[in-house]
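The residues making up each chain are set out below.
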Amino acid sequence: MRHRHLTTATLALGVVLLVDVLRVFLPAVITIFGQAASTPAELLGAFALGWFVLALAAPALIRRVGARPVSVVAALALAAVRVALTGQPGGPLQLWLATGGLLAGLVWLAATAAVTDRPVPGLAVGLGAGAVLHTMLDTYRSGWAGGADAWLAAVVVAALFLAGQARPAPPAGAGGVRSWLLAGPTLLLAGLVALSPAVARTATSYQFGWLRWPSRGDGLVATTPGPLLGLAPFAVAVGGFLFAALAPPARTTRWLGPALLLAGTVLFAVGGGGLLLPAVLLAAAGLGGCLALLAAADDRATADNLVRADDRVRADERVLTVERGAAGAGDTVDARVATAPHLDVPGRHVGPGERAVAGRRALAAVAGMLAFAVSTTVYYAAYDLGHPNAWVPVVVAALVGVAAFTAGRTPTPTAPTPPSSAPPRLRIAGSAAVLVLLAALVGDETLVAENRAGAPERVRVAAYNIRMGFGLDGRFDPDRLARAVRGADVVLLSEVDRGWLLNGGHDSLDLLAERLDRWYVFAPAADPLWGDAVLSRWPLRSVRTRALPAVGAPTGAQALGVTVDFGAGEPGLAVVATHLQPPPGREPVVQARAVADFALGYAAGRPLVVAGDLNTEPGAPAFAEFTGAGLTDALAAARPLPTSPADDPREQIDHVFVSPGVGAADAVAPPGTASDHLPVRVTLTLPPA
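Notes on the structure in this doc start here. (Residues numbered from 1 in each chain as written. Predicted model: local features only at pLDDT ≥ 70, side-chain atom pairs only at ≥ 80, totals over all residues. Heavy atoms only, no water.)

## A word on the nonpolar core
To keep it simple, the criterion reads: Put simply, buried Ala, Val, Leu, Ile, Met, Phe, Trp, Tyr and Cys residues joined by side-chain atoms within 4.5 Å make one nonpolar core. With a 1.4 Å probe rolled over the protein chains alone, any residue whose accessible area is under 20% of its type maximum counts as buried; one over 50% counts as exposed, and the rest are partly exposed. To qualify as a helix, a DSSP run of H or I must reach at least 4 residues; to qualify as a strand, a run of E must reach at least 2; elements of each kind are numbered from the N terminus. For this analysis, residues touch if any pair of their heavy atoms sits within 4.5 Å.
Core analysis: the biggest nonpolar cluster contains 148 residues, and Phe25, Phe52, Leu195, Val238, Phe241, Phe372 and Leu493 have the highest contact counts within it. In terms of residue count, helix 1 (residues 2-33) provides more of this core than any other element does, 14 residues in total. When sequence neighbours within four positions are dropped, the list of residues in contact with Phe52 reads Leu22, Phe25, Leu102, Leu106, Val366, Met369, Leu370, Phe372 and Ala373. Formed by 35 residues, the second largest nonpolar core is a distinct cluster that contains Leu573, Leu635, Ala646 and Val682.

Here's what the structure looks like:
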């Protein structure tokens, strides 16, 4: 039993390291290889998929060299890359380090699969442990946080993982092929919805934020949740996933796991922010239930193999008894008993049939990860290419559910099922849930809004396209973003990512709000996890949203109106945040007109600010829609004020407009490469009430 638990723990640690490397590799493809969105989406997908396709050669390498040497070398490379990434190198070095780590991780996974017939406990514990660690780091992946604690954590995890490689794996049985094939799709569903702390926090900010519903508008907005409430539901999700995955499934309810998983992904795909929380909870429990069905099928396959092996051994023993009776002194006896395929005899002879099963497991593991890569690429490429993508997680969940359900119908063998390699499920599930709750209490900060009597004379406003938190060097660094807008009273953000798997699964808005100590309102644009936000020193009220005409842009666009509350009796400051998405090769005139109309109607005579990445130059037709509506260019005195690209700004596409009577001074675009845009900052003087 100790050996089986060691195998489970080693596999779990390897999964943690591999997922950590993936969280660097995926955004590095976009931000470094993609060169700030200048590389075609098709080329990005081909580059990413190519490494997963290359890993399909791993089973042939394992057959030629052997699983153990391949596993040890690949494990060393994976651990070394994971530790090196803690140094936050950025740039091409980061991309190629992560690429090498990914390839090493895939090869290690294939070699491990070749000798592991019951992988589900290790996969489940690894996914759960990764979710807990990501939560403890406030969704800020440890590879990006290069402090002493991050180095220590990386070294300890890598060392424990390598220590587990020192002992050879016990002989494997005939099971595991289906489980290894579904490892990649399981990883996709876990990172996309079921086990992402960023997605869970975003879900609770829709449901339990301090301001739940807009006064009037096209959809639900997300607002700042309390620290404990922000991740408390995620503790239920992680604990429920582990408990379900490590529990023996009941035959009468084997349909429950697949049904819950499918229901959760359907809610995620079509429900918007209002159904995001139940989507997380249902998908987590359902994914765990499906893994339990696969684990039970693996155990039955191993038991059935034991039955057949014992039958062959007893037959060989009968033959050997007869031959011994007829043999004379010094005669050679039959060696069939020595080579009989007992699964629990270390160092035994491995027959061709078992080598074939090992090869199928190795190939299944890599093919499953290729399915992960293809599904991820198809899902997120929709935001560049415009094809429908809501069906992707639903189809993946349906395939996982069907495979698990049919695996659960495998007939019970005639011999007792061998002891499961699953660790104590209640202890592990409960510990994971408690750690998530502790992380919410210790790691999350309570944001405090100021509400002094009377309106201020001046309000410092900043607008910033943060590119999901990634700088031009491909490094995710919320501290750099915070420094770029520090001191601003009101911050309007574009391209805010709150848990996309493609970008590493960070909640960039919550991380930035904590560093600036600002409350926020978030409005979705592309989907419930990607959109625009307003952060404020003062409380916000009267939230309204307006979906903008798509005009051929696949990402989606919206206008978010909020009122900065200066206290009782004050009209406040109306703020509208937006990110215009122009049709290919044209001006976003239609969207600009819609935003101007919405903003003037929303302000209703109050002082007004409209700002964001408007993707139009001064004097262009879309720019003229704002000035023609009576708004004033707050950055006019500082023109030209280019903001894009950040390392060589040539285009003036980030703007701040104000209503007549609002003064503007000290407009700047501070230099930096924390995003592919520069922020714009301006000090506004409000008219007397």
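Alright, that's what it looks like, and here's the rest.
## Focus: the pattern of salt bridges
So the rule is basically this: In what follows, salt bridge is the name for a side-chain nitrogen of Lys or Arg lying within 4 Å of a carboxyl oxygen of Asp or Glu.
All told, the structure shown has 19 salt bridges when counted by the stated rule. As a salt-bridge pair, Arg498 and Asp507 come within 3.0 Å of each other at their nearest N and O atoms. With respect to burial, Arg498 and Asp507 carry one shared label: buried.

## Quick notes on the pairing of strand 9 (residues 573-579)
Selection criterion: Only when DSSP finds a minimum of two bridges between them are two strands counted as paired. Seen with the strands pointing away from the viewer, any crossover whose path from the first strand over the helix to the second strand runs clockwise is right-handed.
Extensive coverage of strand 9 is indicated by the burial of seven of its seven residues. Residues Leu573, Val575, Ala577 and His579 of strand 9 are buried on one face, and the alternating residues Ala574, Val576 and Thr578, pointing to the opposite face, are buried as well. Two strands pair when backbone bridges link them, and strand 8 (residues 558-564) and strand 9 are joined in this way by six bridges, in the antiparallel orientation. Note on strand 9: the bridge partner recorded for Ala559 is Thr578. By the bridge criterion, six bridges tie strand 9 to strand 10 (residues 608-613) in an arrangement that is parallel. Paired with Ala574 across the two strands is Leu608, which belongs to strand 10. Traced from strand 9 through helix 19 (residues 589-603) to strand 10, the parallel crossover comes out right-handed.

## Describing the side chain of Thr616
What counts here: Two N or O atoms form a polar contact when they lie within 3.5 Å of each other; inside protein one atom must be a possible hydrogen donor and the other a possible acceptor, and for residues adjacent in sequence the pair counts only when both atoms belong to side chains.
Mapped onto the elements, Thr616 comes out in the loop between strand 10 and helix 20 (621-628). With a relative accessible area of 1%, Thr616 lands in the buried category. In this structure the side chain of Thr616 is engaged in a polar contact, spanning 2.6 Å, whose partner is the side chain of Glu587. Setting aside chain neighbours within four positions, we find Thr616 in contact with Glu587, Ala622, Phe623, Gln652, Ile653 and His655.

## Details of a nonpolar patch on the surface
Put simply, the rule is: Note on patches: the residues involved have over 30% relative accessible area and no salt bridge, like charges join within 9 Å, and the nonpolar side chains Val, Leu, Ile, Met, Phe, Trp and Tyr join within 5 Å. In these tables, accessible area is a Shrake-Rupley quantity obtained with a 1.4 Å probe, and a residue counts as shielded only by the protein chains included in the view.
Together, Leu133, Met136, Val434, Leu435, Leu438 and Leu441 line one region of the surface with nonpolar side chains, adding up to about 520 Å² of accessible area. Looking at the nonpolar patch, the elements with two or more residues in it are helix 6 (120-136) and helix 16 (425-443). Here the element with the most residues in the nonpolar patch is helix 16; it accounts for four residues. Inspection of the secondary structure puts Leu435 in helix 16. Leu435 gets classed as partly exposed once you look at its relative accessible area, which sits at 36%.

## Remarks on the packing of aromatic side chains
Just so we agree on the cut-off: Here is the rule: rings of Phe, Tyr and Trp (six-membered ring for Trp) pair when centre to centre is within 6.5 Å. Planes less than 30 degrees apart are stacked, more than 60 are edge-to-face, and the remainder are tilted. In our convention, an over-ring charge means Lys NZ or Arg CZ found within 6 Å of a ring centre and within 35 degrees of that ring's normal.
Under the definition given, this model contains 17 aromatic pairs. Aromatic pair Tyr380 and Trp500: ring centres 5.2 Å apart, planes at 55°, arrangement tilted. Residue Tyr380 is found in helix 14 (residues 352-385), and its partner Trp500 is found in the loop between strand 4 (490-497) and helix 18 (508-516); the two are separated by 120 residues along the sequence. Here Tyr380 falls in the buried class, since its relative accessible area comes to 5%. Ring geometry for Tyr383 and Trp500: centres 4.7 Å apart, planes at 25°, overall stacked. Pair noted here: Tyr383 is in helix 14 and Trp500 is in the loop between strand 4 and helix 18, with a separation of 117 residues, a long-range link. Residue Tyr383 is classed as buried on the basis of its relative accessible area of 9%. Residue Trp500 is classed as buried on the basis of its relative accessible area, which comes to 6%. The lysine or arginine in question, Arg498, covers the ring of Phe522, its NZ or CZ lying 5.4 Å from the ring centre. The ring of Tyr602 is capped by Arg606, whose NZ or CZ atom sits 5.1 Å from the centre of that ring.

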